[in-house]
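Listed here are the chains, written in short residue letters.
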Amino acid sequence: CFRVRGNCLRLLTNFVAQSSFALEELCIDCKKWDELLFAVQKGYHQDNPYHMRLHAADVVHGAYWFCKVGELWSLSLKGFTNVELFTVIFSAAIHDYDHPGVSNNFLIKTNDPLAILYMTRPC
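Residues numbered from 1 in each chain as written. Predicted model: local features only at pLDDT ≥ 70, side-chain atom pairs only at ≥ 80, totals over all residues. Heavy atoms only, no water.

Engineer: Residues and numbers for the overall build of the protein chain, please.
Structural biologist: Scanning the protein chain from N- to C-terminus turns up 8 helices and 0 strands. Along the chain direction, N to C, the helices and strands of the protein chain fall in the order α-α-α-α-α-α-α-α. Counting the 123 residues in the protein chain, one finds 28% classified as buried. Excluding contacts between residues fewer than 6 apart, the proportion of contacts in the protein chain whose partners are at least 24 apart in sequence is 69%. Looking at the protein chain as shown, the accessible area adds up to about 8,500 Å², and 63% of this sits on carbon and sulfur atoms. (Helix = DSSP H or I, 4+ residues; strand = E, 2+ residues; numbered from the N terminus. Buried < 20%, exposed > 50% of the residue type's maximum accessible area, 1.4 Å probe, protein only. Contact = heavy atoms within 4.5 Å. Areas by Shrake-Rupley, 256 points an atom, 1.4 Å probe, with all protein chains shown as cover.)

What follows is the structure in structure tokens.
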């Protein structure tokens, strides 16, 4: 068992994933899943004023609510499968992983190695 403080993303994502039964359906080992969530959580920089793990946990919560209670549920005729819900939740958890806290334009203008790596070049 781990402390709650600083583990909001890990705890919430784990709770939602386990409650969807997708881990069992996909034969995901719980220990490996927890190790993955720990690594994802570490990828959110706490010195980033917005794109930090609390923001990611908020997005996980919002995505879960929209899928289970909100409009997305009613738009789907059968609802979401466990695996589809798991996919939405995991995507929400990783959506800002390793976000540097500045815009793409800033990275390009400062010749940041990340911008250079992903810069689109004409053929």
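Engineer: Give me the lowdown on the environment of L9, citing residues and values where you can.
Structural biologist: Checked against the element boundaries, L9 lands in helix α1 (residues 8–19). Note: C-alpha distance between L9 and V40 (31 residues apart in sequence) is 8.7 Å. Beyond its immediate chain neighbours, meaning those up to four positions away, L9 contacts V40, Q41, Y44, R53, A56, A57, V60 and A93.

Engineer: With reference to specific residues and values, describe the pattern of salt bridges.
Structural biologist: Evaluation of the coordinates by the stated rule reveals 2 salt bridges. For R10, the salt bridge identified is with D34, shortest N-O distance 2.7 Å. One end of the pair, R10, is in helix α1; the other, D34, is in helix α3 (residues 30–42), with 24 residues separating them in the sequence. Its salt-bridge partner being E35, residue K31 comes within 3.1 Å of it at the nearest N-O pair. (Salt bridge = Lys/Arg side-chain N within 4 Å of Asp/Glu carboxyl O.)

Engineer: Help me get a handle on helix α4 (residues 53–68), residues and values and all.
Structural biologist: Residues lying three or four places apart along an α-helix face the same way, a consequence of the helix completing one turn every 3.6 residues. For α4, which comprises 16 residues, the first-to-last C-alpha distance of 22 Å matches the rise-based estimate of 22 Å (1.5 Å per residue) to within 8%. Listed in full, the buried residues belonging to α4 are R53, H55, A56, A57, V60, A63 and C67. (Expected span 1.5 Å × (residues − 1).)

Engineer: Describe the environment of D47, with residues and values.
Structural biologist: Its location among the elements puts D47 in the loop between α3 and α4. According to the relative accessible area criterion, D47 is exposed, its value standing at 70%. Between the alpha carbons of D47 and P100 there is a distance of 9.7 Å; along the sequence they are 53 residues apart.

Engineer: Please provide a residue-by-residue account of unusual backbone geometry, values included.
Structural biologist: Even without being a glycine, F21 presents a positive backbone phi close to 65 degrees. Structurally, F21 can be placed in the loop between α1 and α2 (22–25).

Distances and angles like these do not, on their own, reveal function.
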